[in-house]
Amino acid sequence: MSESPVIEINKLNKWYGQFHVLHDIDLTVKRGEKIVICGPSGSGKSTLIRCINRLEVHQEGDIIVDGITLNDDLKNIDQVRQETGMVFQHFNLFPHLTVLENCTLAPIWVKKMPKDEAEKMALEYLDRVQIKEHSHKYPGQMSGGQQQRVAIARSLCMNPRIMLFDEPTSALDPEMIKEVLDVMVELAKEGMTMICVTHEMGFAKTVADRVIFMDEGEIIEENEPHEFFDNPQSDRTKLFLSQIL
Ligand code: ADP
Ligand code: MG
């Protein structure tokens, strides 16, 4: 883990219209660090990680990703989007494209990679998530767990330096959660910088360097996982943990 931060967020404030959704968020993430964010529904977790790749704009404060400041400069936004992979709750695969085409689309069109090279790379990533033999299928022909593993492989095909996960297992049937978490654990072991919104506390305990608890648009508490779970400080954290554990 190097000392230079890969994500630096200072005094971030965001509003949706009149609604003040994020309050004075400060967050620094070092290269290789794994952060788990948890908190009640509506606390601003998705909004926060969507700000990091500018799927949402913020109004106040600074977000600096790998030295690039997120502002209205479209060049910066493009650059940050190429460096950050994002995996969503509902997979967001293109239904009319095969698994392989889902994975090669951005490398071919955004990175201008030759098609055969993109396919070779995609098959390597699909192999790593154990989906290679399904590469000709369409998303609708696969289980949720398989689709989510494709979504992870698709992100990795852009060679991101940071991976953002927004509740990647919360739409899955219980028996499929492990196969997705296993892929995420592998990625973590390989040294990927990761921010994961998840309530999978087993995952948080194994993988996270820090767990962050958000409520009503604020970071209420953060700690290394052992302390966070065994010795929560705030009443709001205690209440939340009592509801999910
Ligand atoms: P979480 O991911 O923790 O459930 P979100 O970031 O999705 O929370 O939402 C935080 C709050 O912002 C919620 O009250 C939600 O209703 C509101 N919100 C989210 N997206 C929008 C939007 N596009 N426009 C207006 N309000 C939104
Ligand atoms: Mg959310």
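Residues numbered from 1 in each chain as written. Chains lettered and ligands numbered in written order. Predicted model: local features only at pLDDT ≥ 70, side-chain atom pairs only at ≥ 80, totals over all residues. Heavy atoms only, no water.

Looking up the protein chain in an unreviewed UniProt entry gives the name ABC transporter ATP-binding protein, with the organism given as Pelagibaculum spongiae. Regarding the protein chain, the relevant UniProt record gives this comment under Sequence similarities (unreviewed entry): "Belongs to the ABC transporter superfamily." Regarding the protein chain, the relevant UniProt record gives this comment under Subcellular location (unreviewed entry): "Cell inner membrane". (UniProt positions renumbered as here; feature names shortened; annotations may be inferred.)

Participant: Which residues make up the pattern of salt bridges, and what values do they have?
Facilitator: Considering all chains together, one arrives at 17 salt bridges under this definition. With a closest N to O distance of 3.1 Å, Asp26 and Lys11 form a salt bridge. Taken as a pair, Asp26 in strand β2 (residues 19-30) and Lys11 in strand β1 (residues 5-16) lie far apart in primary sequence, 15 residues in all. For Asp26, a relative accessible area of 36% corresponds to the partly exposed category. (Salt bridge = Lys/Arg side-chain N within 4 Å of Asp/Glu carboxyl O. Helix = DSSP H or I, 4+ residues; strand = E, 2+ residues; numbered from the N terminus. Buried < 20%, exposed > 50% of the residue type's maximum accessible area, 1.4 Å probe, protein only.)

Participant: Would you mind going over the UniProt feature "domain: ABC transporter" (unreviewed entry) in the protein chain in detail, with residue names and values included?
Facilitator: Listed under "domain: ABC transporter" (unreviewed entry) in the UniProt record, and renumbered for this structure, are residues 7-241. Here residues 7-241 runs as 39% helix and 26% strand, with 27 Å between its end C-alpha atoms.

Participant: An account of the environment of Phe240 is requested, with residue identities and associated values reported.
Facilitator: Its place among the elements puts Phe240 in helix α9 (residues 235-244). Judged by relative accessible area, which is 5%, Phe240 ranks as buried. The spacing of Phe240 and His226 is 14 residues in sequence and 16 Å in space, taken between C-alpha atoms. If we skip the residues at most four places from it in the chain, Phe240 touches Cys38, Gly39, Pro40, His199 and Phe213. (Contact = heavy atoms within 4.5 Å.)

Participant: Please give an account of the pairing of strand β9 (residues 210-215) that cites residues and values.
Facilitator: Look at any regular strand and the pattern is simple: side chains alternate between the two faces of the sheet. Extensive coverage of β9 is indicated by the burial of six of its six residues. On β9, burial covers both faces: Arg210, Ile212 and Met214 on one face and Val211, Phe213 and Asp215 on the other are all buried. Relative to β9, strand β3 (residues 34-38) runs parallel, the two being bridged by four bridges. Residue pairing for β9: Val36 is matched across the bridge by Val211. When β9 meets strand β10 (residues 218-223), the two strands line up antiparallel, connected through five bridges. Pairing of Phe213 across the sheet is with Glu221, part of β10. (Pairing = 2+ DSSP bridges.)

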